[in-house]
Amino acid sequence: MSRLPSGGLIDRTQSLAFSFDGRSYAGHSGDTLASALLANGVRLVGRSFKYHRPRGIVTAGAHEPNALVEMRTGARREPNTRATTQELYASLEAASQNRWPSPAFDLMSANRGAGRFLGAGFYYKPSMGPAGGWERLYEPLIRHAAGLGRASALHDPDAYETAFAHCDVLVIGAGPAGLMAARAAGRAGARVILADGDLRLGGSLLSRRAVIGDAPAGAFAAGILAELAAMPDVRLMPRTTIFGAYDGGTYGALERVADHLPAPLPFTPRQRAWTINARRTVLATGALDRPIVFPGNDRPGVMSAVALTAYAVRYGVAAGATAAVFSAHDDAVAAALEAAEAGVRIAAIVDVRAAVHPVLAGRAKAAGIRLIQGEVIGTRGKTLSAITVRTPSGIETLAVDTLGVSGGLTPDLGLACHLGGRPVYDAARATFLPGPLPPGMNAAGAVVGRFGLAESLADGQAAGLAAAADAGFSAPPPALPRIDEAGFAAPSRSAPHSAESATAFWHVAAKGTAFVDQQNDVTAKDIAIAHAEGFRAVELMKRYTTLGMATDQGKTSSLAGLAMMAELTGLSLPETGTTTFRPPAVPVAIGALAGHHRGADFRPVRPTPTHGWAKAQGAVFVETGLWLRAQYFPRPGESGWRQSVDREVNATRAGVGLVDASTFGKIDLQGPDVGTLLDRVYINTFSTLPVGKARYGVMLREDGFVLDDGTTGRLADARYIMTTTTANAAKVYQHLAFCLDVLWPELDVTLASVTEQWAQISISGPHARAVLAQVVDGQDVSDAALPFMGAIEATVLGGIGARIFRLSFAGELGYEIAVPADAGTVLVEALMAAGRDFGITPYGTEALGVMRIEKGHVSGNELNGQTTAADLGLGRMASKRKDHIGRVMSERPALADPDRPMLVGVKPVDPAAVLRAGAHFLKIGAPAATAHDEGYLTSACHSPTLGHAIGLGFLKHGAKRHGERVRAFDPVRGADIEVEVCAPAFIDPQGERQRG
Amino acid sequence: MLIPCPYCGVRDAREFTYLGDATVRRPDPAAPDAAEAFHAYVNLRDNPAGPHSEHWYHGAGCRRWLVVTRDTRTHAVLGAAFAGEAGA
Amino acid sequence: MSARFSLLGLVADALRGPSALKPHWRDAAPKPAYDVVVVGGGGHGLATAYYLAKEHGIANVAVLEKAHVGSGNAGRNTTIIRSNYLLPGNEPFYEASMKLWEGLEQDLNYNAMVSQRGVLNLFHSDAQRDAYARRGNAMILAGADAELLDRDGVRALAPFLDFDTARFPIKGGLLQRRGGTARHDAVVWGYARGADRRGVDIVQKCEVTGFLREGERVTGVETTRGPIRAQKVALAVAGSTSRLARLLDLRLPIESHCLQAFVSEGLKPLIPGVVTFGMGHFYVSQSDKGGLVFGGDIEGYNSYAQRGNLPVVADVCEGGMALMPMIGRLRMLRAWGGLVDMSMDGSPIIDTGPLPGLYLNAGWNYGGFKATPASGWCFAHTIATDAPHALNAGFRLDRFRTGAVIDEKGVGAQPNLH
């Protein structure tokens, strides 16, 4: 448990101070937090999920189940970070988790004593004595004890980015196979991306002591990387993990831009989530060594054999003072020998097989390492102090503080399965290999079971060439590097890997608690319980025991669990199958996936053309979809929004007011068949509309319900301008395009969305005409020349092209004046100047809403997609002489039902009472129950014109009930009042004002 | 998922809006069985597990409606054509 | 048949060891004929069988499941229970379901971890507030609970939300305190065990490949384990309804779509109940194990692939970050894709027919889990009496023909928008 005197890819000249659980330590640049902790002799790093057992570092990779720590502090505190992938930096702060008060002394480890009662299925059974015992007693207890790390509960202060990349060949994993694949594809001329989660590219070449050609593996990797870096079309992406395979050759990747720093540098993100579109992919993710399940296998000091070697070779760290290795295949034996060469004291290699490779056996003997045929059946110590070994000749105890374990190699094949491919069992290699690969993917090296270095290099090169060729880039195969496998008896030579060198060995049959899933505390006994209780299918076993549901998603646990269940059921491993591999292959920060879409930047803002002007007037703005609209314009001395809105309404009705109506959708329709199209999409007729006039129209969905409404004007024989509601602008355009592209391609109509191209200012009130007259360039705007519902083209303010529609949502004499969007502010300022003598008043959406309710105009609250034209009182607009979209289905019995609630007006019986939309209508005296629900209030406001509250709503048989009183029942706001039903038009029902 | 728009080229599916089954045809509204025919047109679907002919609208591109053939089991896009030219 | 679970039994089992344990339900072999065959061993199918036996005395029932129980959407959802619907065709049904949830564990003698920690739907505008008021009032009319919270009320419950920099400010929320979560797998297992104890055969690895017919009438099913006759054949295979309907030449108002859901790494308690965003597709709760369970919109295109794509992953995470920027450093651990029946009005179908001898439970959209108890209860009633109960009277198939649709969102016959 110390730093070896030499070796490792660390910068021994740089000492980095860091703290863990408040104690100070030092490591080197190039360390991970895990290697630095081991170098400092810290072996106990956390507690397990359920029993709070002490746990140590197990792996040297992203699949670490135990060494999960809380990184950083304050708002940057980040739970569940793997110490094994966290790069060390100066002043790093980390803490162990799931322990109280410390990992060495954890009060919650009382759970451990109760462990025999807390096995699989415990949660489901204690049904429960007193009724509600679960909710009151167990549930809060379990909930309190659950979870691993603590989130900060503060807003994440760091920024994230999303980015896109495209390539011919994406190589996933920069180990031996990946490097060779990238080089081959790059030399062939393909655009290549080589991505690997590690800071250093090289994979196992960095953590083993192979010699390739005449160079150590690390130097060989460096040579390839230098060549790749010099290729202009090759992009190296270190610290970038491909986390998911998606449809169409799309891959998700996470780049850790700043996790190796105390905080991101200015103007850089902490992490970047990539979407990579690749024509071809080479999967070269390698293999992980898998644990063996044996009693006491979770004691700190027990770790992966490959990790033991990796810490020695790559980090120059001896994970313990004296180690043993427990193996079931030759590569683990070789790894143990390499660790010994690197300076780790290996006392013994305990191998379950009758014989290891004779060359390896000879090397072990030469190195003074005992080779024992046997099984580890127990461990001792708070952290490991001894192992008990069962050999053919008896039981033996070895005093070691570290045990490297490897039962075999498991391909890291999740990405191969994200699109539904199932792994297939390879009996010769005693492991699952990728099945059918996603379209466009090749796989090479250890991930397809080619565990030997020479075969992995060759396989990678072949896969890279094939991928490049498939993408259209051919090249002759370069010569392969020479690997002297025959000479591996000499030190520093890798063993060839053969199928026969492995045996399927999953667990040791011996008494004592043996863990299958260390993080979730799933034991061998839990597998037996699941079997006994009928949870034998792999998915059921997983769900019942939680095996494989930990943060490593079963990478270190699933296969052994499946094998143990297979033994119990008597089924083969292929018959038992695996659980489903799903993205992400490694956990990904939610912030990275969201990128910059948070806070004010969650969605874009659409300002109206007069936004700046309205802001200068002191407007309060309101979100309307993505738009920001002026809600009202407070003036000094006004006590609240109501007072401002009342003033705006009164000023408009008495004089003249002005509102920006640019958000309404505007669609320019041109062509000889526009009239025919409009007749088919509106319930009423537009083909007969004279040039220079506009008409209100209602359009339905094909299912007979109202889609949208608006006013459409005819500017020329073959040119109409349609207005849609703000909310439905895009939807209506899409609908019209559907009609033209799909339903009636024979119609000659061209569409253009011009919502953003035009600013549209509405002026309303008795003086509107006088104001308008001052901005037009001599155009006659008299009632005769521009009557109600007139629609003309004109110029304003000395030559600005404009369209003028005489209509008003407020129910007054009104005009909507449209000018090119960049002239919107000029126009509104000119109108304000022109109206100064009339006291022209800008108003916002609130006053607009009040005036349209007073007038009885329906809006989004009524056009809610659940209402028919008849419900809205607009049924009679429908032309009987033509078909239109929705006509046939609007005649269905339930839509034509006279019992449907229909539009009414309401006013409170008590004139001082307040009305709120969302209240339901009940007959007076009827019980408050769904069966008596007669409708609801859709819109409500205080009417300054009338001096009391008014509302619109839908009421059963509403048209026949004017004058009747009903209850407006609003219990969520504590209101229950009587209202009188009336016609849905509170002012000027004959429309005299707007025609004035 | 990538969709080969016949006008814009291969584009990310994010640029498109999905509508659904492109095999149904708007019935003759004047036919005597129009009510039943419209019910089938609007509501009833084969919903196949396999190749599916479907309408996508390229709202962030050429603003044309396409008929895309896509396998609903694998999401493999088998082809795309303008709606008007797909024999629709 | 397994013994009743009790605390005492648990202790005894622990002392005896695994060999003393019994399967929670029998792995039954199919008999040649039953009174009722329920196709689909998910929550709805198992609950149907359970209530057929319990409420109607019909125990000669088989539940046929092509894989193992709970292998479809019952095991792949976000475990939320609530009765916060708007329309009178829906709300009484879902409130009945909520009341069944509240007594479920005692009824089943199985701990389904029903946890009523509240469901909070946030609103961000006056119009949304009024729409939620209408909904809350409808809930109260149906006997459910609902509270309309203002911004301060929301802040008291969830101080970690973004109240200060949000693009769409939080103005309040509709809270159903009785809403919450239940452990989805345990619900399946509890119903399976309950049905088994009442004599129902649960037949796993038995895929229906065809139907037995006598003229129009459906008289049984062909399966991978041989033909099985039945007086009544009941389909409860949401997600795959069209595939089975096709074997009967039926076209239904259903499309199959993919809904993704997500879980984070385990965390100490952080989020009090269920929270939903009103201006984006994101909802979240925290499981008993400590993972944040969250989801959003469906993928939007017909799919049987049971997997989604990155755009929705990003959309959901964007919603999450917009609502609660504290989750930026927390990691998504796992995503999964469920295969859901999206109906033309976004509401389900529980009905007799459309052929004699056939019964249909389908179209659960993305919300079938919460309905499990009432769906089973109502479907059992419909099968046993050949008529829908008042609670599912609105869920008939002919509503699409008549126009009596139950369209909560008001988007019409476009399944991907519901």
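Residues numbered from 1 in each chain as written. Chains lettered and ligands numbered in written order. Predicted model: local features only at pLDDT ≥ 70, side-chain atom pairs only at ≥ 80, totals over all residues. Heavy atoms only, no water.

A. Expanded view of the overall build of chain C. Of regular secondary structure, chain C possesses 10 helices and 18 strands. Against the globule reference of 22 Å for 418 residues, chain C gives a C-alpha radius of gyration of 21 Å, in line with a compact fold. Considered along the principal axes of its C-alpha atoms, chain C spans approximately 65 × 60 × 40 Å. Burial status across chain C gives 69% buried among its 418 residues. Within chain C, contacts between residues at least 6 apart in sequence are counted, and of these 74% link residues at least 24 apart. Roughly 11900 Å² of accessible area belongs to chain C as shown, and the carbon and sulfur atoms make up 53% of that amount. Seen as two clouds, the 44 positive and the 40 negative side-chain charges of chain C have centres 4 Å apart. (Helix = DSSP H or I, 4+ residues; strand = E, 2+ residues; numbered from the N terminus. Rg over C-alpha atoms; globule rule 2.2 N^0.38 Å. Buried < 20%, exposed > 50% of the residue type's maximum accessible area, 1.4 Å probe, protein only. Contact = heavy atoms within 4.5 Å. Areas by Shrake-Rupley, 256 points an atom, 1.4 Å probe, with all protein chains shown as cover. Lys, Arg positive; Asp, Glu negative; His and termini not counted. Charge placed at Lys NZ, Arg CZ, Asp CG, Glu CD.)

B. Broad picture of the overall build of chain B. Counting its regular elements, chain B contains 1 helix and 6 strands. When the elements of chain B are put in sequence order from the N terminus, they spell out β-β-β-α-β-β-β. Overall size of chain B, expressed as C-alpha extent along the three principal axes, is 45 × 25 × 20 Å. Within the span of chain B, comprising 88 residues, buried residues form 48% of the whole. Expressed as a percentage of contacts within chain B between residues at least 6 apart in sequence, the contacts between residues at least 24 apart total 43%. Carbon and sulfur atoms make up 53% of the accessible area of chain B, which amounts to about 3600 Å² in all. Charged side chains in chain B number 9 positive and 10 negative. The centres of these two groups are separated by 8 Å.

C. Region of the structure containing the environment of Glu318 of chain C. One can find Glu318 of chain C in helix 8 (residues 310-323). Here Glu318 of chain C falls in the buried class, since its relative accessible area comes to 10%. In this structure, the C-alpha to C-alpha distance between Glu318 of chain C and Gly280 of chain C, residues 38 residues apart in sequence, is 8.2 Å. The contact partners of Glu318 of chain C, leaving out residues within four places of it in the chain, are Ala594, His597, Phe602 and Arg603 of chain A.

D. Focus on the interface of chain A and chain B. Each partner contributes to the interface: chain A provides 25 residues, whereas chain B provides 24 residues. Summing both partners gives a buried area of about 1900 Å² for chain A against chain B, and 59% of it is carried by carbon and sulfur. Among the residues chain A hides against chain B, the three largest losses belong to Asp247, Gln734 and Asp741 of chain A. Together they make up 27% of the total. Applying the counting rule to chain A against chain B returns 3 salt bridges. (Buried area = accessible area lost by both parts, 1.4 Å probe. Salt bridge = Lys/Arg side-chain N within 4 Å of Asp/Glu carboxyl O.)

E. Inspection of the sheet that holds strand 4 (residues 119-123) of chain C at higher detail. Read from one edge to the other, the open sheet built from 9 strands follows the order 33(A)-16(C)-12(C)-15(C)-14(C)-13(C)-4(C)-6(C)-5(C), with strand pairing classed as mixed. Whereas interior strands pair on both sides, the edge strands pair on one side only; in this sheet they are strand 33 (588-589) of chain A together with strand 5 (147-150) of chain C. Summarising the sheet, strand 33 of chain A and strand 16 (residues 331-343) of chain C pair through 2 bridges and their orientation is antiparallel. Counterpart to Val588 of chain A in the pairing with strand 16 of chain C is Met332 of chain C. Against the sheet, helix 8 of chain C touches strand 4, strand 12 (254-266), strand 13 (274-276), strand 15 (291-302) and strand 16 of chain C, its axis set at about 135° to strand 15 of chain C. (Pairing = 2+ DSSP bridges. Axes fitted to C-alpha atoms, helices over the stretch in contact; angles between N-to-C directions.)

F. Spatial organisation of the packing of aromatic side chains. One pass over the structure, following the stated rule, counts 32 aromatic pairs over all chains. Seen from their ring centres, Tyr18 of chain B and Trp56 of chain B are 5.0 Å apart, and the 70° between their planes marks the pair as edge-to-face. With Tyr18 of chain B in strand 3 (residues 17-21) and Trp56 of chain B in strand 4 (residues 51-57), the pair connects residues that are 38 residues apart, well separated along the chain. Pair check on accessibility: Tyr18 of chain B and Trp56 of chain B agree, each one buried. Here Trp101 of chain C and Phe369 of chain C contribute two aromatic rings whose centre-to-centre distance is 5.3 Å and whose plane-to-plane angle is 40°, an arrangement assigned as tilted. In this pair, Trp101 of chain C sits in helix 3 (residues 91-108) while Phe369 of chain C sits in the loop between strand 18 (358-362) and helix 9 (372-385), placing the two residues 268 residues apart along the sequence. With a relative accessible area of 1%, Trp101 of chain C lands in the buried category. What makes Phe369 of chain C buried here is its relative accessible area of 10%. Between Arg64 of chain B and the ring centre of Phe82 of chain B, over which it is positioned, the NZ or CZ distance is 4.0 Å. (Phe/Tyr/Trp six-rings, centres within 6.5 Å; stacked < 30°, edge-to-face > 60°. Lys NZ or Arg CZ within 6 Å of the ring centre and 35° of its normal.)

G. Looking closely at the interface of chain A and chain C. With 126 residues of chain A in contact, the opposing surface of chain C contributes 113 residues. Roughly 9800 Å² is buried in total at the junction of chain A and chain C, and carbon and sulfur atoms are behind 57% of that figure. Interface area lost by chain A to chain C is led by Tyr124, Arg143 and Ile590 of chain A, which between them contribute 8%. Counting across the chain A and chain C interface gives 11 salt bridges. Between Asp185 of chain C and Arg543 of chain A there is a salt bridge, with the nearest N and O atoms lying 2.8 Å from each other. At the boundary of chain A with chain C, the tally comes to 50 residue pairs in polar contact (both at pLDDT 80 or more). Ranked by residue count, the leading element in the side of chain A that touches chain C is helix 3 (residues 133-145) of chain A, at 8 residues. Along the lines of polarity and charge, the residues of the side of chain A that touches chain C split into 62 nonpolar, 32 polar and 32 charged. (Polar contact = N/O pair within 3.5 Å; in protein donor to acceptor, adjacent residues only side chain to side chain. Nonpolar A, V, L, I, M, F, W, Y, C, P; charged D, E, K, R; others polar.)

H. Inspection of the sheet that holds strand 6 (residues 68-71) of chain A at higher detail. All names here are of chain A. Read from one edge of the open sheet, 5 strands run 3-2-8-6-7, paired in mixed fashion. The open sheet terminates on both sides in strands that have one partner only, identified here as strand 3 (23-29) and strand 7 (78-82). Going from strand to strand, the sheet's axes swing by 45° on average, the running direction of each strand aside. In the sheet, strand 6 pairs with strand 7 via 3 bridges, with the strands oriented antiparallel.

I. Molecular detail of the nonpolar core. In terms of nonpolar packing, the biggest core is built from 85 residues, with Tyr544 of chain A together with Phe93, Tyr110, Trp189 and Tyr191 of chain C touching the most fellow members. Beyond its immediate sequence surroundings of up to four residues, Phe93 of chain C is in contact with Ile350, Trp364, Ala371, Ala374, Ser375, Cys378, Leu391 and Phe395 of chain C. (Core = buried A, V, L, I, M, F, W, Y, C linked by side-chain atoms within 4.5 Å.)

J. Up close: empty space enclosed by the protein. All names here are of chain A. Enumeration according to the criterion identifies 14 cavities of 30 Å³ or more in this entry. Volume-wise, the largest cavity comes out at about 210 Å³. Forming the boundary of the largest cavity are 20 residues, of which Val58, Pro291, Ile292, Met303 and Gln518 lie nearest the centre. Where the lining of the largest cavity is concerned, the elements lending two or more residues are strand 17 (287-290), strand 18 (302-304) and strand 31 (515-517). At 3 residues, strand 18 tops the list of elements feeding residues into the lining of the largest cavity. (1 Å grid on protein atoms, 1.4 Å probe; cavity = no way out; pocket = protein on both sides within 12 Å on 5 of 7 lines; lining within 4 Å. Points joined across faces, edges and corners; volume = space filled by probe spheres on them.)

K. Representation of unusual backbone geometry in the model. In this structure, Pro584 of chain A follows Pro583 of chain A across a cis peptide bond, with omega equal to -5°. Within the secondary structure, Pro584 of chain A sits in the loop between helix 14 (573-576) and strand 33. Put simply, Gly353 of chain C and Pro354 of chain C share a cis peptide bond, and its omega is 10°. For Pro354 of chain C, the position within the fold is in the loop between strand 17 (349-352) and strand 18. One non-glycine residue, Arg239 of chain A, lies in positive phi territory at about 55°. With respect to the helices and strands, the residue Arg239 of chain A is situated in the loop between strand 13 (234-237) and strand 14 (240-246). Residue class for Arg239 of chain A comes out buried when judged on its relative accessible area of 18%. Even without being a glycine, Asp249 of chain C presents a positive backbone phi close to 55°. The exposed category is assigned to Asp249 of chain C, whose relative accessible area is 72%.

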